[in-house]
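# Topology and contacts: notes
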Amino acid sequence: MSRRTRRRGGALAVVVAALLAAGVLGGPDALAAPGPVTRCALEDPRLDEVSGLAVAPAGPVVVDDSGNATVVYTLDADCAVASAWPVGVSGRDVEDLARTADGTLWLADIGDNRGTRAGIALIRVPGRGAPDVRRLVYPDRPHDAETLLMPADGRPVILTKDLGGRSGVYTTDVPPTSGSPTTLRRVGELVVPLSATEGGPLGLFGRGLVTGGALSADGRVAAVRTYTDAWLFPVTGGTAEDVVAGLRRTPVGVPLPGEPQGEAIAFTADGTLLSAGEAGPSRSGGTATASLRAVPGAAALVPPPTGTPPPAVVAAVPAAPAPVDTRGPGLLAVSAAGAAAVVVAALPVVALRRRRRGLAGR
């Protein structure tokens, strides 16, 4: 997300006020989890818009988002840039980063602030050999997205970043190739719980916007983050279907308070959860430097799943609008009538902001 998001506060405040007035916002706080520990500050000016994070044997690896050259940066223990590798393929808006067991880096060129891209892409950077591009197209319309989960079967799971906090979940039927574009398939939507965690550039509104994701090294935990929290889901296998099934289960919440603009997340081999993001405005004025932070043992907080995952959080998209079960764990408390009223009330604000610069920030 670029710094333009910080200028959207007025319109977003109107939408949030409407949601609160309609009684739409609500949900459980993050479950008890240890707070993050700051490892080091991202003081290098090349790192002030970190949008993706992964962990390689040499250390944490990061990428920046739109407006920056497509470069992979490896960090040392003090968050200084140990190496900078221009990928050689220019992404339009790289918003996430994943690393698979074979050492391949996947740069998620999936950001679309204005909702106008005809297609998106994954930039594949193998451990050896030249990078290539795997193009994807949505089956319905363009979406802004910042989250990539890449399971072992090579079929990406992409979560959109939508106004209202309802993220579309998309995957492919086959692993994408460097040939013709691969069509994504919508398999449902995710609504993370709303927490009381403070932070981020959008306040309350940012607690429901999905800004990044990661799978643990063993593939058994999927992390989906917002500007304020990480939500950890149990996963039973290495396929896209296993990841989607995991997203149906009740998550464990890990608060990530105080990040100026948290967008990146990753697991180390021992299950430590790392988070980072962009620099942002500080409460005392000026710009707050982003940091690399860690939650040791986060993956171990997620118990093994039992039973069949309920269809409460991720569900097949119905042919016609259906009521939302407000009692299910992890759901945004929304009544069908209340949600409809809020959407209607917010439409003029949304339309105005989209005409000017787009609402769904990178």
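Keep in mind that what you see is a predicted model, and the values were worked out from it rather than measured. (Residues numbered from 1 in each chain as written. Predicted model: local features only at pLDDT ≥ 70, side-chain atom pairs only at ≥ 80, totals over all residues. Heavy atoms only, no water.)

So, on to the overall build of the chain. For the chain, the count of helices and strands is 3 helices and 23 strands. For the chain, with 362 residues in total, the buried portion stands at 55%. Surface accessibility of the chain: about 14,500 Å² in total, with carbon and sulfur atoms responsible for 56%. (Helix = DSSP H or I, 4+ residues; strand = E, 2+ residues; numbered from the N terminus. Buried < 20%, exposed > 50% of the residue type's maximum accessible area, 1.4 Å probe, protein only. Areas by Shrake-Rupley, 256 points an atom, 1.4 Å probe, with all protein chains shown as cover.)

In spatial order, the strands read S15-S16-S17-S18; together these 4 strands make up an open sheet with antiparallel pairing. Each having just a single partner strand, strand S15 (212–215) and strand S18 (252–255) make up the two edges of the open sheet. On average, each strand axis in the sheet is tilted by 20° relative to the strand beside it, whichever way the strands run. In the sheet, strand S16 (residues 221–225) pairs with strand S17 (residues 229–234) via 5 bridges, with the strands oriented antiparallel. Across the sheet, the residue bridging to Ala-222 is Phe-233, located in S17. (Pairing = 2+ DSSP bridges. Axes fitted to C-alpha atoms, helices over the stretch in contact; angles between N-to-C directions.)

Moving on to the nonpolar core. Counting 18 residues, the largest nonpolar core has Leu-149, Val-157, Leu-159, Val-169, Leu-190 and Val-224 as its most contacted members. If you list the elements that add at least two residues to this core, you get strand S11 (157–160), strand S14 (185–190), S16, S17 and helix H2 (240–246). At 3 residues, H2 tops the list of elements feeding residues into this core. The residues contacting Val-224, other than those within four sequence positions of it, are Leu-159, Leu-190, Val-210, Gly-212, Gly-213, Asp-229, Ala-230, Trp-231, Phe-233 and Leu-247. Counting 17 residues, the second largest nonpolar core, distinct from the first, contains Ala-266, Ala-276, Ala-290 and Ala-294. (Core = buried A, V, L, I, M, F, W, Y, C linked by side-chain atoms within 4.5 Å. Contact = heavy atoms within 4.5 Å.)

So, about the pairing of strand S6 (residues 94–99). Of all 6 residues making up S6, 5 are buried, and the element is well covered by its neighbours. Pairing analysis gives 5 bridges linking S6 to strand S7 (residues 105–109), with the strands arranged antiparallel. Note on S7: the bridge partner recorded for Val-94 is Asp-109. Here S6 folds back onto S7, and the loop between the two strands holds 5 residues, one of which, Gly-103, carries a positive phi near 90°.

For the chain, the mean per-residue pLDDT works out to 80, and 75% of the residues sit at or above 70. Of the regions scoring below 50 in pLDDT, residues 312–362 engages in 106 contacts with residues more than four places distant in sequence or in other chains. (pLDDT = per-residue confidence, 0-100.)

Positionally, Ser-180 belongs in the loop between strand S12 (167–171) and strand S13 (182–183). Using a relative accessible area of 58% as the deciding quantity, one classes Ser-180 as exposed. Sequence separation of Ser-180 and Leu-136 is 44 residues, and the distance between their C-alpha atoms is 8.8 Å.

The strand order across the open sheet formed by 4 strands is S1-S23-S20-S19, and the pairing between neighbours is antiparallel. Looking at the sheet topology across the chains shown, the edges are occupied by strand S1 (37–41) and strand S19 (261–267). Along the sheet, successive strands turn relative to each other by an average axial angle of 25°, direction set aside. Alignment of strand S20 (residues 273–278) against strand S23 (residues 291–295), held across 3 bridges, turns out to be antiparallel. Counted as the bridge partner of Leu-273 is Val-295 from S23.

Glancing now at the packing of aromatic side chains. Scanning all chains against the criterion turns up 1 aromatic pair. With centroids separated by 5.0 Å and ring planes inclined at 75°, the aromatic side chains of Tyr-138 and Tyr-170 adopt a geometry described as edge-to-face. Here Tyr-138 is found in the loop between strand S9 (132–137) and strand S10 (145–149), whereas its partner Tyr-170 is found in strand S12, with 32 residues between them in sequence. Since its relative accessible area comes to 12%, Tyr-138 is described here as buried. On the basis of relative accessible area, Tyr-170 is assigned to the buried category, the value being 0%. (Phe/Tyr/Trp six-rings, centres within 6.5 Å; stacked < 30°, edge-to-face > 60°.)

With that settled, consider the side chain of Arg-207. Within the secondary structure, Arg-207 is located in the loop between S14 and S15. Residue Arg-207 is classed as buried on the basis of its relative accessible area of 10%. What Arg-207 contacts, discounting residues up to four positions off in sequence, is Val-192, Pro-193, Leu-194, Ser-195, Ala-196, Thr-197, Glu-198, Thr-226 and Thr-228.

To continue, consider the environment of Ala-152. Here Ala-152 shows up in the loop between S10 and S11. The exposure class of Ala-152 is exposed, given its relative accessible area of 75%.

This part covers unusual backbone geometry. One non-glycine residue, Cys-79, lies in the positive phi region at around 70°. You can see Cys-79 is positioned in the loop between strand S4 (71–75) and strand S5 (81–86). When its relative accessible area of 2% is taken as the criterion, Cys-79 is described as buried.

Scanning the entire structure with this criterion turns up 13 salt bridges. Ionic pairing is found between Glu-146 and Lys-161, a salt bridge with its closest N-O pair at 3.1 Å. Residue Glu-146 is located in strand S10, and its partner Lys-161 is located in the loop between S11 and S12; the two are separated by 15 residues in the primary sequence. Where salt bridges share partners, they join Arg-124, Asp-132 and Arg-134 into one cluster. (Salt bridge = Lys/Arg side-chain N within 4 Å of Asp/Glu carboxyl O.)

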